Amino acid sequence: MMNRYVIATGRRLVPWIVPVTLLVLWEYAGRHSESIYLPPLSDVLVTLRDDWMWERTRTDLLPSLERFALGYLLGAVLGIVLGMAIGSSRRVAEYTTPTMEFLRALPAVAVLPIAVLLFGLGDGMRISIIAFGVMFPVLVNTIAGARSCRQERIDVARMYGLSRLQVVRRVVLPSAIPMISAGLRVGLPIALIMMVVSELVGGQNGIGFYLIQAQSLFNISGMFTALIILGVLGNVINNTYAWVENRRLHWASHL
Amino acid sequence: MSTTTPVLDEPVAEAAPAPLARRTGRRRRRVRVNLRGLAFAVGLLLVIEVLTATVITSLYVPRPSEVVHALWLELQRGDILSGVGTTMGAYARGLGIAIVAGVLLGAALGASRTAWELFRIVIEFLRPLPSVALIPFSILLLGVGSTTTVAMIVYASLWPILFNTYYGVRGVNEVSVDAARTFGLKRWQVFLRVQIPSAATNIATGVRVSSAIALILVITVEILTRSGGLGYYIVRMQVAIRTEDMYAGIVVVGVLGYAIAMLMGALERRLVFWNADVLEDGNR
Amino acid sequence: MRRITQRRGIAAVATAALLVLVSACGGSDSSGSSGASENADGTTSITIATVGSDSGSQAFYAKNKGFFEKHDLDVKVNVVANVPELAAAVESGDAQFALTSPTSVASASAAGIGFQIVAGGAVYTKDNPGVWVMVPTGSDITSVEDLKGKSIAVNALNTMPHLSTLATLDDAGVDTGSIDFVTLDFTQVGQAFESGQVDAATVTAPFNAQIETDGLGTVLASPYDAVNGTDDFYNTIWFGQRDLAEDKPELVESFQAALADANAWANDPANEEERKTILQEYTSLTDATLADLQLLQFGDEVTDEMIQPVIDVMSRFKVLPKPVKASDIIVQVG
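Predicted model only: the values in this text are computed from it and were never measured.

Peer 1: Sorry if this is basic, but what is going on with the UniProt feature "transmembrane region" (unreviewed entry) in chain A here?
Peer 2: Residues and elements named next belong to chain A. As recorded in UniProt, the sites labelled "transmembrane region" (unreviewed entry) are residues 12-29, 69-90, 102-121, 127-146 and 224-244. Secondary structure across residues 69-90 divides into 91% helix and 0% strand, with the first and last C-alpha atoms of the span separated by 32 Å. End-to-end, the C-alpha atoms of residues 224-244 are 30 Å apart, and along that stretch the chain is 100% helix and 0% strand.

Dropping the structure here:
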């Protein structure tokens, strides 16, 4: 009995072996290295406390998160709406696919001048950049999801006299939901990347802005804190989404 | 439902672009150019042309016709093409390393629960880190140049391949593994002959997703660090206030992206033919 | 037993994969500490990093006109984006010398990084400042005082364009806290003026000329006038690692000599046409832009008097975490 308990605890500890070892190594290497570019973990944590508790959190992290959320929502809505339009009609798809593929390949940095022109220098431009990045994976998945709806089901619905729009809403959309959901998940890390990119250029606040500021002042500990925050943020966002998705899909599967 | 979701959702998710590519590239159709797609693109360009000539008259937004003209001149001069060579060189190296590393790591993690448990947290932490945020670090460690560019491509394009391989290897039907074992195949033989081939569809999907990511990354890094190639061409033109030429460079990036998407779609159909009908079924 | 061999196999796969990763990442990392290599023919091979603009163009002239060769230097010139990359290039040993602003070397020094200024770059002079505060055409801002409460675009915070603008405002009695500074790449200032997104901007050549030619904006002030009471100071300088300067003073001297030759050639108005041709090769500037460009002058000798004012401006706006003395960051050779 006791033995099993020990084994169970041991199992739970296994995932922490490598991370803890790495952190210890980091601290050790930082303390024994001459290089200013590898500050010990403890220094980084001190900077983390000094900078991010809580002044920077308010002035940089929150604005970043706000843009992230708005940009993500905008991109997701655009992706789903356009995706349903394209996916429900073979013809529309044939017309738009090459243009979409072309636009998809454009890096956000290259689109930036256009975004500045259209949306100015403020948050509008940054949000649009994030939305641009998020839109394509959602769009592509929505199209695929809409296509996966069996023709028979559509035909039956049409026979019952549903209009085209009703068919899309009642038949095509529900069957596309798992794919859309997957696309929304793929969009999350992209939104995070875009958030940083949009702040590297013409930024006034934000995590990306903090990062380049720290870089130009040779504040290496500061650079590391930005990375830590981004890593934690990425995980929190990912896990939150997984949680929401599980609940939603659970609900959807009982439909 | 709950047991299959984590295994299935990711690769399915990223398998999404396939139907798009497949439609236009189906054997018999491949010869036929997608005229409607072309018409739409040309129509859109015309609309922009009219808009930029009338409503949006900014000195910083060239008309499409001006961009096409600039592109034509630049192509003749060859400046833009030498940039493409450098960029694609870094692209190929980065993607190549990412494929090898991603498949090996993904397979190892998929085959061994212990390995997965050991590295899970580190991977979960690293994976959502935006690669652009790593550029400053990479520059400090590796300097400015193709090494940094390649390293960033590897970092960004590793994850889709790694995770698709991981889910592929994990998701192999237990029955086929057992069947293979009863035929007397050793564990590694099962791995090589059963698990890897079954995971091939997933791996191919991961590679296709990464092939798009890698292009975006190579251009972004080149723009941000000015380390040569097409990205440097774009930024050089921007700094030299040659807006048409800058957009000509951006157009080339889009064309490259389109070509890569087509190529990857075609390769995927060729190489993982044994799973093709499954996919076709899934796509009605 | 079989389980164990399995595990081992998997471990081997994992290790191999990790090795691939590590070797891929560490490819060119081991280039040695100094990176300068002496060749059999008595020349020394070095790499230098600079920016692709007039202020960083000395290296192009020295390379093209053979001044490096004359001083037994075999130089590879890399063009790099901006200050952090330049510093990183030198720190990582990728480049032996690089061009940057004195502010960057002072920041590095305050952060404990051993960089030293090895040679002079572009010099500010009253009649050729190289940096201007501009306002959009039709703006009702006619003096520095009018900038109170306005938004001003600068390329990056805590760099000379930003700090000198602060100093100009401060000298004019404008509350600098009322100003909304927007970071914006020089390349996008014209566009921002055109669409009325900022009230003013601090820009360098050739963007000022471009903006004027396009009729988008006009010059309001020359912010560098506020740095050193209109006396000369260094706008850009060349720097390297302190260790390198200590180990190989003769290398630093050859580099200084080659640049001095390049400066003499470039500062001579007779060579303006050729200078612009070489500049065009590296920057792809158009003929029209070049025609309007007022070329910068370069300086040979780096004195405390021409560096300290820059550091003082940094201290004035509390950019440096601790004081830095110009004499500590200027190399002493010969």
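Peer 1: Could you clarify how one ought to interpret the interface of chain B and chain A in this entry?
Peer 2: Interface size is commonly expressed as the accessible area that is lost once the parts come together. With 56 residues of chain B in contact, the opposing surface of chain A contributes 56 residues. For the side of chain B that touches chain A, the elements supplying multiple residues, two or more each, are helix H1 (5-14), helix H2 (18-25), helix H4 (35-54), helix H7 (113-126), helix H8 (131-142), helix H11 (187-225) and helix H13 (243-271) of chain B. Ranked by the residues each element gives to the side of chain B that touches chain A, the list is headed by H7 of chain B, at eight residues. Partitioning the side of chain B that touches chain A into residue classes produces 38 nonpolar, eleven polar and seven charged.

Peer 1: Would you explain unusual backbone geometry in this entry?
Peer 2: Generally, phi is negative for residues other than glycine and the peptide bonds are trans, each holding for most cases. Look at the link from Met 53 of chain A to Trp 54 of chain A: it is a cis peptide, with omega at 0 degrees. Among the structural elements, Trp 54 of chain A can be located in the loop between helix H2 (41-52) and helix H3 (55-87). With an omega dihedral of 0 degrees, the bond running from Ala 205 of chain C to Pro 206 of chain C counts as a cis peptide bond. Summarising the element assignment, Pro 206 of chain C is placed in the loop between strand S10 (200-204) and helix H8 (207-213). Phi angles above zero are rare outside glycine, and Ser 284 of chain C is one such case at about 60 degrees. With respect to the helices, strands and loops of the structure, Ser 284 of chain C is situated in the loop between helix H11 (272-283) and helix H12 (287-292).

Peer 1: So what exactly am I meant to see when it comes to helix H6 (residues 160-171) of chain C here?
Peer 2: Note: α-helices contain 3.6 residues per turn, so residues at a spacing of three or four share the same orientation. Residues and elements named next belong to chain C. Taking 1.5 Å per residue as the helical rise, H6 with its twelve residues ought to reach 16 Å, and the 16 Å between its terminal C-alpha atoms agrees with that figure. Among the twelve residues that make up H6, ten are buried, leaving the element largely enclosed by the rest of the structure. Looking only at H6, the buried set comprises Met 160, Pro 161, His 162, Leu 163, Ser 164, Thr 165, Leu 166, Ala 167, Thr 168 and Leu 169. Directly beyond the C-terminal end of H6, a positive phi value near 80 degrees is found at Gly 173.

Peer 1: Just checking my understanding: could you explain the nonpolar core for this structure?
Peer 2: For soluble globular proteins, the rule of thumb is that nonpolar side chains tend to be buried together. If you look at the biggest cluster of nonpolar residues, it comprises 260 residues, and the most contacted ones within it are Ile 153 of chain B together with Ala 98 of chain C. Counting residues per element, this core draws most heavily on helix H8 (residues 164-200) of chain A, which supplies 20 residues. Excluding its chain neighbours within four sequence positions, the residues that come into contact with Ile 153 of chain B are Ala 90, Tyr 91, Gly 94, Leu 95, Ala 98, Ala 214, Leu 217 and Val 218 of chain B.

Peer 1: What should I look at first to understand the sheet that holds strand S9 (residues 180-183) of chain C in this one?
Peer 2: Consider a sheet: its strands pair through backbone hydrogen bonds, and that pairing is either parallel or antiparallel. Residue and element names in this part refer to chain C. Across the sheet, which stays open at both edges, the five strands sit in the order S9-S8-S10-S7-S11 with mixed pairing between neighbours. The open sheet has two edge strands with one neighbour each: S9 and strand S11 (217-221). Across the sheet, the axes of successive neighbouring strands diverge by a mean angle of 35 degrees, strand direction being ignored. Here strand S7 (residues 131-136) pairs with S10 via four bridges, running antiparallel. Residue pairing across strands places Trp 132 opposite Val 203, the latter belonging to S10.

Peer 1: Mind showing me how you'd approach the confidence of the model for chain B here?
Peer 2: Regions with low pLDDT should not have their predicted coordinates read in detail. Residues and elements named next belong to chain B. Overall, the predicted model of chain B reaches an average pLDDT of 79, with 84% of residues at or above 70. Note on residues 1-31: pLDDT under 50 across the span, and 53 contacts to partners over four residues away in sequence or across chains. Low confidence marks residues 276-284, where pLDDT is under 50. Its contacts with residues over four positions away, or in another chain, come to ten contacts. Scoring the predicted complex yields pTM 0.80 and, for the interface, ipTM 0.80.

Peer 1: Please clarify how the sheet that holds strand S6 (residues 122-124) of chain C should be interpreted in this entry.
Peer 2: All names here are of chain C. If you trace the three strands from one edge of the open sheet to the other, you get S12-S6-S14, paired in antiparallel fashion. Sheet topology places strand S12 (233-234) and strand S14 (297-298) at the edges, where each strand pairs with a single neighbour. Pairing between S6 and S14: two bridges, direction antiparallel. Across the sheet, residue Val 123 finds its bridge partner in S14, namely Gln 297.

Cut-offs applied
Residues numbered from 1 in each chain as written. Chains lettered and ligands numbered in written order. Predicted model: local features only at pLDDT ≥ 70, side-chain atom pairs only at ≥ 80, totals over all residues. UniProt positions renumbered as here; feature names shortened; annotations may be inferred. Helix = DSSP H or I, 4+ residues; strand = E, 2+ residues; numbered from the N terminus. Contact = placed C-beta atoms within 7 Å. Nonpolar A, V, L, I, M, F, W, Y, C, P; charged D, E, K, R; others polar. Expected span 1.5 Å × (residues − 1). Buried ≥ 20, exposed ≤ 12 C-beta atoms within 10 Å, placed from the backbone. Core = buried A, V, L, I, M, F, W, Y, C linked by C-beta atoms within 7 Å. Pairing = 2+ DSSP bridges. Axes fitted to C-alpha atoms, helices over the stretch in contact; angles between N-to-C directions. pLDDT = per-residue confidence, 0-100.

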